[in-house]
Amino acid sequence: MNIEAYLFHGPGQPLSLETIEICDPAPGELLVKLVGTGICHTDVSMTAGRRDWGAPTVLGHEGAGHVVAIGEGVEDFAVGDAVVLSFRSCGECPVCDSGHPGYCDEISDLNFSGKRRDGTTPLSRDGKPVMGQFFGQSSFATHSIVHASAAVKVDPSLPLELLGPLACGIQTGAGAVINVLKPDAGKAFALFGAGSVGLSGLMAAKMLGCDPIIAVDVMPERREAALRFGATHAIDPLAEDPVAAIKAITGGRGAAYSFDATSKSAVLAQAFLCLDSFGRCAYVGAHETPDVALNSHRFMRGCTLHGVMEGDSRPRDFIPELIGYWQAGRLPFDQMVSFYPFSELDRAVADMNSGRAVKPILRFDAA
């Protein structure tokens, strides 16, 4: 069948909305008609050429929609089910078996190769393959083929168009705090990078009772957002040394927990250096360089550094947990969302880059 999708043709080129073909779901797969898909910084970084997997490609990885067709062997889903689409994992390796699918042995191939495990892609144009399966879904499109293991069934009465970002950005940020840092109430928490991932972590830190909560970001719009979502202090790192400022706020001790959501090596070094003895730092995202200069004395003070993938979560468990926190008013991620028609991806990305929008969501019924 024909669908509408944004095609990426190469680094530096704009995404173009085009008509392409999508196949029927293979065994174990679902065909999902999307109602909304979030825009993540990872999507934007891919257009800059962070990874070359061929073109044209369909990006997008925070989709939510309704199941419209089911492949052979799928038992847990029915046509009409409301689903949130998350990352793909093999479900078979020792890491998946241990309950940590974000670190799956095949995480790179299944989410960044542009193909299924058998080397095929469900997308094509004029008989030629279009690379898809980005994060197992390629949801910058009206429809998506996903493996059933990457879909999470949700209550159909919920506002489905709002929920896609739970599958990556919100899951990543909140999970880094809830599942990895596991902070004690009353302890200091420092956030570096107040985009949607960072703010999700900040909301989780507030929910768990951290105090003070200190946000560091170069953009005034994001510092203001951090204060709205529970930060007690907001630091402009261009105006003052954030490490010194955090030490001053905490009476000279430093933060018990820190979270770097910037993917910048120099910032990660600051997030680690600002820790108190036995402090814990979590970071997400692929840094621009694999080499990070860290103060080794922090390690000798019992400090630890944790790299986190996808919030170290099991999406089928954690996404419903996050929905529960939101319904209880404890994780107000809906307040950082801005909706855009599907046809206005460029405006949504521009607003995200400028700080005008924290988490843009493309809504298909508004195209």
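To be clear, the structure that these remarks concern was listed above.
Residues numbered from 1 in each chain as written. Predicted model: local features only at pLDDT ≥ 70, side-chain atom pairs only at ≥ 80, totals over all residues. Heavy atoms only, no water.

1. A short note on the overall build of the protein chain
So, step 1. Counting its regular elements, the protein chain contains eleven helices and 17 strands.
So, step 2. Relative to the compact-globule value of 21 Å for 367 residues, the protein chain shows a C-alpha radius of gyration of 20 Å, a close match.
So, step 3. For the protein chain, the spread of C-alpha atoms along the principal axes amounts to about 65 × 40 × 40 Å.
So, step 4. Across the 367 residues of the protein chain, 58% fall into the buried class.
So, step 5. For the protein chain, the accessible surface area stands at approximately 14,700 Å², while carbon and sulfur atoms represent 50% of it. (Helix = DSSP H or I, 4+ residues; strand = E, 2+ residues; numbered from the N terminus. Rg over C-alpha atoms; globule rule 2.2 N^0.38 Å. Buried < 20%, exposed > 50% of the residue type's maximum accessible area, 1.4 Å probe, protein only. Areas by Shrake-Rupley, 256 points an atom, 1.4 Å probe, with all protein chains shown as cover.)

2. What to know about the nonpolar core
So, step 1. Leu163, Phe189, Leu199, Leu202, Phe259 and Phe333 are the most contacted members of the largest nonpolar core, which has 53 residues in total.
So, step 2. If you list the elements that add at least two residues to this core, you get strand E5 (82–85), helix H4 (169–181), strand E10 (189–192), helix H5 (196–207), strand E11 (213–216), helix H6 (220–228), strand E13 (255–260) and helix H10 (315–327).
So, step 3. Those residues within four positions of Leu199 in sequence are excluded, and the remaining contacts are Leu191, Ala194, Ala225, Ala226, Phe229, Met336 and Val358.
So, step 4. With 49 residues, the next largest nonpolar core counts Ile22, Leu34, Ala148 and Ala151 among its residues. (Core = buried A, V, L, I, M, F, W, Y, C linked by side-chain atoms within 4.5 Å. Contact = heavy atoms within 4.5 Å.)

3. Concerning the sheet that holds strand E6 (residues 123–125)
So, step 1. Strand order in the open sheet made by the four strands is E1-E2-E6-E7, with antiparallel pairing throughout. Each edge of the sheet is formed by a strand with only one pairing partner; in this case those strands are strand E1 (2–7) and strand E7 (128–130). Pairs of neighbouring strands in the sheet enclose a mean axial angle of 55°, with direction left out of account.
So, step 2. Where E1 and strand E2 (residues 16–22) come together, six bridges link them in antiparallel fashion. By the bridge assignment for E2, Ala5 is matched with Glu18. (Pairing = 2+ DSSP bridges. Axes fitted to C-alpha atoms, helices over the stretch in contact; angles between N-to-C directions.)

4. Overview of H4
So, step 1. Between its first and last C-alpha, H4 extends 17 Å over 13 residues, near the 18 Å set by a 1.5 Å rise per residue.
So, step 2. Where H4 bends most, the angle comes to about 40°, and this point is Gly175.
So, step 3. Most of H4 sits inside the fold, with twelve of its 13 residues counted as buried.
So, step 4. Of the residues making up H4, those classed as buried are Gly169, Ile170, Gln171, Thr172, Gly173, Ala174, Gly175, Ala176, Val177, Ile178, Val180 and Leu181.
So, step 5. On its buried face, H4 sits against E10, H5, E13, strand E14 (275–283), strand E15 (304–307) and H10.
So, step 6. With its phi angle positive at about 45°, Lys182 sits one or two positions after the end of H4. (Expected span 1.5 Å × (residues − 1). Bend = angle between axes of the 7 residues up to and from the residue.)

5. Observations regarding the pattern of salt bridges
So, step 1. Applying the stated criterion across every chain, the model contains eleven salt bridges.
So, step 2. Its salt-bridge partner being Arg125, residue Glu18 comes within 2.6 Å of it at the nearest N-O pair. Placement of Glu18 in strand E2 and of Arg125 in strand E6 is noted, with a sequence separation of 107 residues between them.
So, step 3. Among the salt bridges present, the one from Arg314 reaches Asp317, with a minimum N-O distance of 3.6 Å.
So, step 4. Among the charged side chains, a salt-bridge network with shared partners connects Glu92, Glu106 and Arg117. (Salt bridge = Lys/Arg side-chain N within 4 Å of Asp/Glu carboxyl O.)

6. Details of the sheet that holds E10
So, step 1. Read from one edge to the other, the open sheet built from six strands follows the order E12-E11-E10-E13-E14-E15, with strand pairing classed as parallel. Taken across any chain shown, the strands that pair with only one partner, and hence form the sheet edges, are strand E12 (233–235) and E15. On average, each strand axis in the sheet is inclined to that of its neighbour by 15°, with strand direction left out of account.
So, step 2. Contacting E10, E11, E12, E13 and E14, helix H7 (residues 242–249) runs over the sheet at an angle of about 160° to E12.
So, step 3. Seen against the sheet, helix H8 (residues 265–273) touches E10, E13, E14 and E15 and runs at an angle of roughly 145° to E14.

7. Section: the packing of H4 against H5
So, step 1. Between H4 and H5, whose axes approach to 7 Å, the crossing angle comes to 40°. As summarised for this structure, H4 and H5 are arranged oblique, according to the angle between their axes. At the point where H4 passes H5, the crossing takes the right-handed sense. Together, Gly169, Ile170, Thr172, Gly173, Ala174, Val177 and Ile178 of H4 and Val197, Ser200, Gly201, Ala204, Ala205 and Met207 of H5 make up the contact between the two elements.
So, step 2. Looking at the contact of H4 with H5, its residues break down into eight nonpolar, five polar and no charged. (Parallel < 35°, antiparallel > 145°, perpendicular 65-115°, else oblique. Left-handed = near helix turned anticlockwise from the far one by under 90°. Nonpolar A, V, L, I, M, F, W, Y, C, P; charged D, E, K, R; others polar.)

8. What to know about the packing of H4 against H10
So, step 1. Closest axis-to-axis distance for the H4/H10 pair is 11 Å, and the angle between their directions is 90°. Classified by the interaxial angle, the pair formed by H4 and H10 is roughly perpendicular. Two secondary-structure elements touch here, H4 through Ile170, Gln171, Ala174, Gly175, Ile178 and Asn179 and H10 through Pro315, Phe318, Ile319, Glu321, Leu322 and Tyr325.
So, step 2. In the contact of H4 with H10, the residues fall into eight nonpolar, three polar and one charged.

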